[in-house]
Amino acid sequence: DAAAREKFRGLVAFEAARAVEFFRAARAAHRRIAAGSNGRRDTRRLRAAEAMGGIYSRILKRIIRRPASVLGGKTRVSKIARLGVAFRAWIGRPPF
């Protein structure tokens, strides 16, 4: 039914917009923590969170591009892409 599909797209768009705002807030918090840290040790502690944020950000982008993908099961990022995100986080480059 066309009306149901449109409602679904609206719901996905609404939730995706909320998630994008959460990612923006997380990036801003990360920058504040990194800028106020007393050394590299503090920023190294954030690397796992950066990697997870990068992976979830990529999943969100896929959902935004293809909202119906959430109906077919899990929306995933390839293993090679996850490794790339983790590597970027490990070397200190923001992955998202």
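Notes on the structure in this doc start here. (Residues numbered from 1 in each chain as written. Predicted model: local features only at pLDDT ≥ 70, side-chain atom pairs only at ≥ 80, totals over all residues. Heavy atoms only, no water.)

What follows covers the packing of helix H3 (residues 47–65) against helix H4 (residues 79–90). At a minimum axis separation of 8 Å, H3 and H4 run at an interaxial angle of 145°. Two packed elements cross with a definite hand, and for H3 against H4 that hand is right-handed. Every residue of H4 that contacts H3 at Arg47, Glu50, Ala51, Gly54, Ile55 and Arg58 is listed here: Arg82, Val85, Ala86, Ala89 and Trp90. Counted by class, the contact of H3 with H4 contains six nonpolar, one polar and four charged residues. (Axes fitted to C-alpha atoms, helices over the stretch in contact; angles between N-to-C directions. Helix = DSSP H or I, 4+ residues; strand = E, 2+ residues; numbered from the N terminus. Left-handed = near helix turned anticlockwise from the far one by under 90°. Contact = heavy atoms within 4.5 Å. Nonpolar A, V, L, I, M, F, W, Y, C, P; charged D, E, K, R; others polar.)

In terms of nonpolar packing, the biggest core is built from six residues, these being Val12, Ile55, Ile59, Ile63, Val77 and Val85. Top element by residues in this core is H3. It accounts for three residues. Ignoring sequence-local partners within four residues, the contact set of Val12 consists of Ile63 and Pro67. (Core = buried A, V, L, I, M, F, W, Y, C linked by side-chain atoms within 4.5 Å. Buried < 20%, exposed > 50% of the residue type's maximum accessible area, 1.4 Å probe, protein only.)

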